Amino acid sequence: VVDPTINANYMEMYADPDARGGILEPPGICEVKFREKEREALMARLDPSLADLDGDELRKKTAALAPAYLQVAHEFADLHDRAGRMKAKGVIRDVVPWEGARTYFYWRAKRRLAVDALASAIAADAPENVAFADAVGLVEALCAEHGVAWDDDQAVVAYLEANPEQTDHLLARTRKRKLLDDFEALVAKADADVLAQAKALLKGD
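Residues numbered from 1 in each chain as written. Predicted model: local features only at pLDDT ≥ 70, side-chain atom pairs only at ≥ 80, totals over all residues. Heavy atoms only, no water.

Trainee: Hey, could you run me through the overall build of the chain in this one?
Mentor: When helices and strands are counted, the chain shows 9 helices and 2 strands. Listing every helix and strand of the chain by position from the N terminus yields β-α-α-α-α-β-α-α-α-α-α. Looking at the 205 residues of the chain, the share that counts as buried comes to 23%. Nonlocal contacts in the chain, meaning residues at least 24 apart in sequence, comprise 61% of its contacts between residues at least 6 apart. For the chain, the accessible area works out to roughly 14300 Å², and carbon and sulfur atoms hold 58% of it. (Helix = DSSP H or I, 4+ residues; strand = E, 2+ residues; numbered from the N terminus. Buried < 20%, exposed > 50% of the residue type's maximum accessible area, 1.4 Å probe, protein only. Contact = heavy atoms within 4.5 Å. Areas by Shrake-Rupley, 256 points an atom, 1.4 Å probe, with all protein chains shown as cover.)

Trainee: How should the packing of helix 5 (residues 101-125) against helix 7 (residues 153-162) be read in this particular structure?
Mentor: Each pair of packed helices can be described by the angle between their axes along with the distance between the axes. Interhelical geometry of helix 5 versus helix 7 gives an angle of 45 degrees and a closest axis separation of 9 Å. Taken together, helix 5 and helix 7 sit at an angle that is classed as oblique. Every pair of crossing elements has a handedness; the one defined by helix 5 and helix 7 is left-handed. The residues of helix 7 that touch helix 5, namely those facing Trp107, Arg108, Lys110, Arg111, Ala114, Val115 and Leu118, are Asp153, Gln154, Val156, Val157, Leu160 and Glu161. (Axes fitted to C-alpha atoms, helices over the stretch in contact; angles between N-to-C directions. Parallel < 35°, antiparallel > 145°, perpendicular 65-115°, else oblique. Left-handed = near helix turned anticlockwise from the far one by under 90°.)

Trainee: Help me out: how do you make sense of the pattern of salt bridges in this one?
Mentor: Scanning the model with the defined rule gives 11 salt bridges in all. Two residues, Glu12 and Arg108, come together in a salt bridge whose shortest N-O distance is 2.5 Å. With Glu12 in the segment before strand 1 (14-15) and Arg108 in helix 5, this pair connects stretches of sequence that are 96 residues apart. By relative accessible area, which is 25% here, Glu12 ends up partly exposed. Overall, the relative accessible area of 8% leaves Arg108 in the buried class. A salt bridge links Lys87 to Asp94, with the nearest nitrogen and oxygen atoms 3.1 Å apart. What emerges from the salt-bridge pattern is a single network uniting Glu12, Arg108, Arg111, Arg112, Asp116 and Asp153. (Salt bridge = Lys/Arg side-chain N within 4 Å of Asp/Glu carboxyl O.)

Trainee: I keep staring at the packing of helix 2 (residues 36-46) against helix 3 (residues 55-79) and nothing clicks. Help me out?
Mentor: One way to put it is that helix 2 packs onto helix 3 with a least axis distance of 10 Å and a crossing angle of 100 degrees. Taken together, the axes of helix 2 and helix 3 are roughly perpendicular relative to one another. Of the residues in helix 3, those touching helix 2 at Arg39, Leu42, Met43 and Leu46 are Thr62, Leu65, Ala66, Tyr69 and Leu70. Each residue belonging to the contact of helix 2 with helix 3 can be placed in one class, and the counts come to 7 nonpolar, 1 polar and 1 charged. (Nonpolar A, V, L, I, M, F, W, Y, C, P; charged D, E, K, R; others polar.)

None of the figures reported here should be taken as evidence of function without further support.
If you want it as structure tokens, here you go:
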């Protein structure tokens, strides 16, 4: 089993439209989750006429209804394992048809390399409380500021490659913020004598 939470910053999960996410096939799931007793209870709830039957008549009626209930149950179980449901539940990032997979993942990989490199540089230069995910958020904010759709891999790559001065400016702002934070931390720890000497140095005395 592959679990993206093992390395959430870098792992992404995808599925083909025809893929299934379950370990068991629908009939196997129904054997475990929707047994004969559960099926009969559902029949009795949905078909009040069964309450008027007993003995052989009831058994014949439930036996005649069983295939239809099983067919619906199999379809219902299968719906829970399809790619659309996996995406809705956040199990996968996207549904990618095989026919366009090469182009899709080319741009996705190119975008991840560009964004991750920039985010890593930001996280390295930023204050200690800035995590990698927060650094990616700063890159996303930069793209949004310039009207670049964050969910369009090709557009993000094109913007970052065409505007190195913007990314350099973002890094410079991050470094400046770190310097200011470091300076504030030093000032907070310094005693009055040290502060007086620092002021004298700044004035050139």
